[in-house]
Amino acid sequence: MMNGSANGRVSTGSSLNTAGGGEKKEHLYKILVIGELGTGKTSIIKRYVHQFFSQHYRATIGVDFALKVLNWDADTLIRLQLWDIAGQERFGNMTRVYYKEAVGAFVVFDVTRASTFEAVTKWKNDLDSKVQLPDGSPVPCVLLANKCDQAKEGLVNNTSQMDDFCKEKGFIGWYETSAKENINIDEAARFLVTRILEKDRAMQLGDDDRDKDRVVLDKPAPGRPERKINCC
Ligand code: GTP
Ligand code: MG
């Protein structure tokens, strides 16, 4: 069931006339938030978009939507269309429809429940098998180890093993987050959007065929996946 209205189309690179007469680039990016039941997907979105947190748990039914507008820089306005997909959808067959035209994703697990980490691979595989960028590459995806304000259980306690896990599974990076304490959510989003912008620019260059000799910089760097943890 769709709880909101969003057409899911991703238009990129349109130009707006600003008051000063200059042109401002506007991007609309569809971003998925997926992961097991009760891991905090809705809470992360509510914190990010509305600066709000509640202890009360109400399971998302189907999918919900939120819009975050970022004044990225003087020349760029970004609208993030966040698709909040119910954890129970992994057992349904609607995810292909929900994932359509996404250009970025967060997979969320709950650091207090190792079983939710074990399901991360299933979510990532589901994502990669059902959606790709127009150039055929995987959608940039960041892993969020949420509820880091609480005691952690399992692999998340071992930073280097988490790095290896992310590299192996194709995550561009991971963050410990807390929707409750507002930890690392803005940072994780900024990191994902930076990568999406790079991919977008690279693909537009490809489309225009402007410079065939240009080195494409959007490939994940070899070595350790990027990871930034500001606390916990
Ligand atoms: P589904 O919609 O069922 O898939 O769940 P969800 O992933 O959207 O989880 P939701 O955001 O509804 O959060 C589940 C419960 O975890 C709620 O009671 C939240 O208050 C709590 N919660 C979410 N994030 C955090 C956090 O960072 N720290 C703590 N302590 N609790 C959190
Ligand atoms: Mg939810």
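Since the model is a prediction, treat every value here as computed from it, not as a measurement.

Now for the site of ligand 1. Around ligand 1, 24 residues are found, and the nearest of them are Lys41, Ser43, Ser54, Gln55 and Tyr57. A distance of 3.4 Å separates an oxygen atom of ligand 1 from a polar side-chain atom of serine 178. Protein coverage of the free-state accessible area of ligand 1, which is 660 Å², stands at 94%. Grouping the amino acids of the shell around ligand 1 by side-chain chemistry returns six nonpolar, 13 polar and five charged.

Attention now moves to the packing of aromatic side chains. Counted according to the given criterion, the structure contains five aromatic pairs. Centre to centre, the rings of phenylalanine 165 and phenylalanine 171 are 6.4 Å apart; their planes meet at 20°, and the pair counts as stacked. Using a relative accessible area of 4% as the deciding quantity, one classes phenylalanine 171 as buried. In textbook terms, an aromatic cluster arises when at least three aromatic residues are bridged by ring pairs, as seen for Phe109, Phe117, Phe165 and Phe171. In this arrangement the basic side chain of lysine 30 is found over the ring face of tryptophan 83, its NZ or CZ atom lying 3.6 Å from the centre. Positioned above the aromatic ring of phenylalanine 171, the side-chain terminus of lysine 124 is 5.4 Å from the ring centre.

Here we come to the pattern of salt bridges. Evaluated as defined, the whole model comprises nine salt bridges. Glutamate 26 serves as the salt-bridge partner of arginine 79, at 2.9 Å between the closest nitrogen and oxygen. With arginine 79 in strand S4 (residues 76–85) and glutamate 26 in strand S2 (residues 23–35), this residue pair connects regions lying 53 residues apart in the sequence. For glutamate 26, a relative accessible area of 15% gives the class buried. Between arginine 113 and aspartate 110 there is a salt bridge; the shortest N-O distance is 3.1 Å.

Turning to the coordination of the magnesium ion (ligand 2), a few remarks are in order. Taken together, Thr42 (OG1) and Thr60 (OG1) make up the protein donors of the magnesium ion (ligand 2), found 2.0 to 2.1 Å from the metal. In this pair, threonine 42 is assigned in helix H1 (residues 41–50) and threonine 60 in the loop between H1 and strand S3 (63–73), connecting sequence segments 18 residues apart. You can call threonine 42 partly exposed: its relative accessible area is 21%. On the basis of relative accessible area, threonine 60 is assigned to the buried category, the value being 13%.

With that settled, the discussion passes to the nonpolar core. Grouped together as the largest cluster of nonpolar side chains are 59 residues, with contacts concentrated most on Leu32, Leu80, Tyr99, Phe106, Phe109 and Leu143. Per-element tally for this core: the top contributor is helix H6 (residues 185–208), with nine residues. Aside from chain neighbours lying at most four places away, what touches phenylalanine 106 is Ile31, Leu32, Val33, Ile34, Val142, Leu144, Ala188, Ala189 and Leu192.

Residue position: aspartate 75 is located in the loop between S3 and S4. Looking at aspartate 75, the relative accessible area reads 47%, which means it is partly exposed. Residues aspartate 75 and glutamate 26, spaced 49 residues apart in sequence, show a C-alpha to C-alpha distance of 8.6 Å. Discounting residues that sit within four places of it in the chain, aspartate 75 has contacts with Lys24 and Lys25.

The next point concerns unusual backbone geometry. In this structure, lysine 147 is a non-glycine residue whose phi angle is positive, near 70°. Inspection of the secondary structure assignment puts lysine 147 in the loop between strand S6 (141–146) and helix H5 (159–169). One non-glycine residue, asparagine 182, lies in the positive phi region at around 55°. For asparagine 182, a relative accessible area of 39% puts it in the partly exposed group.

A separate point is the pairing of S6. Across the six residues that make up S6, a large majority, six, are buried. Of the two faces of S6, the one lined by Cys141, Leu143 and Ala145 and the one lined by Val142, Leu144 and Asn146 are each fully buried. Here six bridges tie strand S5 (residues 104–110) to S6, and the two strands are oriented parallel to one another. Within S6, the residue paired with alanine 105 across the bridge is cysteine 141. As defined by bridge partners, S6 adjoins strand S7 (residues 173–177) across five bridges and the pair is classed as parallel.

Note on helix geometry: an α-helix contains 3.6 residues per turn, so any two residues three or four positions apart are oriented the same way. Here H1 has its buried residues at Lys41, Ile44, Ile45, Arg47, Tyr48 and Val49. In the stretch just after H1, glutamine 51 is the one whose phi turns positive, near 50°.

What counts, and at which threshold
Residues numbered from 1 in each chain as written. Chains lettered and ligands numbered in written order. Predicted model: local features only at pLDDT ≥ 70, side-chain atom pairs only at ≥ 80, totals over all residues. Heavy atoms only, no water. Near = heavy atom within 4 Å. Polar contact = N/O pair within 3.5 Å; in protein donor to acceptor, adjacent residues only side chain to side chain. Areas by Shrake-Rupley, 256 points an atom, 1.4 Å probe, with all protein chains shown as cover. Nonpolar A, V, L, I, M, F, W, Y, C, P; charged D, E, K, R; others polar. Phe/Tyr/Trp six-rings, centres within 6.5 Å; stacked < 30°, edge-to-face > 60°. Buried < 20%, exposed > 50% of the residue type's maximum accessible area, 1.4 Å probe, protein only. Lys NZ or Arg CZ within 6 Å of the ring centre and 35° of its normal. Salt bridge = Lys/Arg side-chain N within 4 Å of Asp/Glu carboxyl O. Helix = DSSP H or I, 4+ residues; strand = E, 2+ residues; numbered from the N terminus. Donors = N, O, S within 2.8 Å, 3.2 Å for Na, K, Ca; no water. Core = buried A, V, L, I, M, F, W, Y, C linked by side-chain atoms within 4.5 Å. Contact = heavy atoms within 4.5 Å. Pairing = 2+ DSSP bridges.

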